[in-house]
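Listed here are the chains, written in short residue letters.
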Amino acid sequence: MNRRPLLVTVLAVAGVVLLAACGGVFWLARADRGQERDCAAQVAAEEAKVRTDRHWTAQDVPGIGDYAEIHWQVDHSSFACSRAPGPTDSRYQGIVRLAPADARALAAGYPWTPATGAAAQVWPALSAYVPAEVRWRRSPAYDEGTRASVQFDPDRALLLFTTAD
């Protein structure tokens with residue numbers, strides 16, 4: 001019995017399977033790079049977008065009440081497209097124009113002192129919503145009681161918040 005043709009057939013089939021497997025790996029790697037680029041572009045667009053929806057409540061940022069206007073953004077500190085398990089840190093910043101009654105209540109509810117040292121770091125896309133003459137005030141008592149850090153101008157009923165999850 002001649003085993004040589006059988007051996008050649010088995011080796012040929014094994015070679016074809018090996019080549020197909022390698023080609024599949026290369027195809028998957030190329031597809032992953034494309035998906036990663038698409039994800040990075042989507043994240044960049046999401047970060048650049050200034051939102052005006054009423055996503056934020058007094059549960060997130062105490063004292064904002066039924067605000068008149070809001071502009072906010074998200075920033076993903078870590079690589080949001082990573083397929084590795086673990087949290088994706090996101091930071092948020094918003095400019096809120098409070099209702100007059102809510103601004104008065106917030107001003108009376110905490111001890112506010114003028115913000116000294118470094119001026120508020122308003123993200124570039126949000127800076128258009130902050131008047132040049134704004135006078136930010138800070139309240140460590142407010143910041144201790146919430147996950148948000150705020151600066152507040154009671155005269156303009158304007159609040160700047162920064163928070164993370």
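Thresholds, definitions, all that
- Residues numbered from 1 in each chain as written.
- Predicted model: local features only at pLDDT ≥ 70, side-chain atom pairs only at ≥ 80, totals over all residues.
- Heavy atoms only, no water.
- Helix = DSSP H or I, 4+ residues; strand = E, 2+ residues; numbered from the N terminus.
- Buried < 20%, exposed > 50% of the residue type's maximum accessible area, 1.4 Å probe, protein only.
- Contact = heavy atoms within 4.5 Å.
- Salt bridge = Lys/Arg side-chain N within 4 Å of Asp/Glu carboxyl O.
- Core = buried A, V, L, I, M, F, W, Y, C linked by side-chain atoms within 4.5 Å.
- Pairing = 2+ DSSP bridges.
- Phe/Tyr/Trp six-rings, centres within 6.5 Å; stacked < 30°, edge-to-face > 60°.

J.: Requested: an account of the side chain of H71, with residues and values cited.
T.: With respect to the helices and strands, the residue H71 is situated in strand β1 (residues 69-76). What makes H71 buried here is its relative accessible area of 9%. Setting aside residues up to four positions removed in sequence, H71 forms contacts with V50, R51, T52, Q93, G94, I95, L126 and Y129.

J.: Describe the pattern of salt bridges, and please don't skip the residues or the numbers.
T.: Inspection of every chain in the model, using the stated rule, returns eight salt bridges. Where D155 meets R135, a salt bridge forms, and the shortest distance between an N and an O atom there is 3.9 Å. With D155 in the loop between β5 (149-153) and β6 (158-164) and R135 in the loop between β3 (113-114) and β4 (137-138), this residue pair connects regions lying 20 residues apart in the sequence. There is no split in this pair, since D155 and R135 are both exposed. Where D153 meets R156, a salt bridge forms, and the shortest distance between an N and an O atom there is 3.0 Å. A relative accessible area of 1% means that D153 is categorised as buried. Taking the relative accessible area as the measure of exposure, R156 reaches 21% and is therefore partly exposed. Taken together, the salt bridges that share partners define one network made up of E133, D153 and R156.

J.: With reference to specific residues and values, describe the nonpolar core.
T.: Core analysis: the largest hydrophobic core is formed by 20 residues, its most contacted members being W56, V61, L98, V150, L159 and F161. Residue assignment for this core shows that the elements contributing at least two residues are β1, β2 (90-97), α2 (100-109), β5 and β6. Sort the elements by how many residues they give to this core and β1 lands first, with three residues. Excluding its chain neighbours within four sequence positions, the residues that come into contact with F161 are W56, V61, I70, Y92, Q93, G94, V96, S149 and V150. Among the nonpolar cores identified, the runner-up in size contains nine residues, and I95, A120, L126 and V130 belong to it.

J.: Describe the environment of P154, and please don't skip the residues or the numbers.
T.: For P154, the position within the fold is in the loop between β5 and β6. Separated by 18 residues in sequence, P154 and W136 place their C-alpha atoms 8.4 Å apart.

J.: Account for the pairing of β6, with residues named and values stated.
T.: In terms of residue burial, β6 counts as a mostly covered element, since five of its seven residues are buried. Direction of pairing for β2 relative to β6: antiparallel, over a ladder of seven bridges. Paired with Y92 across the bridge in β6 is T163. Pairing of β5 with β6 involves five bridges; the strand directions are antiparallel. Residue pairing in the sheet places F152 in a bridge with L159 of β6.

J.: Explain the packing of aromatic side chains to me, using residue names and the numbers behind them.
T.: Here the structure, examined in full by the defined rule, presents eight aromatic pairs. Ring centres of W112 and F152 lie 5.1 Å apart, and the angle between their planes is 55°; this geometry places the pair in the tilted category. A residue pair is termed long-range when its members are at least 10 positions apart, and W112 in the loop between α2 and β3 and F152 in strand β5 qualify at 40 residues. Pair check on accessibility: W112 and F152 agree, each one buried. Through a chain of ring-to-ring contacts, the aromatic side chains of W56, W72, Y92 and F161 assemble into a single cluster.

J.: How would you explain unusual backbone geometry if you had to name every residue and give the values?
T.: Of note in the backbone geometry, A157 takes a positive phi value of approximately 50° without being a glycine. By the element assignment, A157 lies in the loop between β5 and β6.

Purely geometric stuff here, so don't read any function into it on its own.
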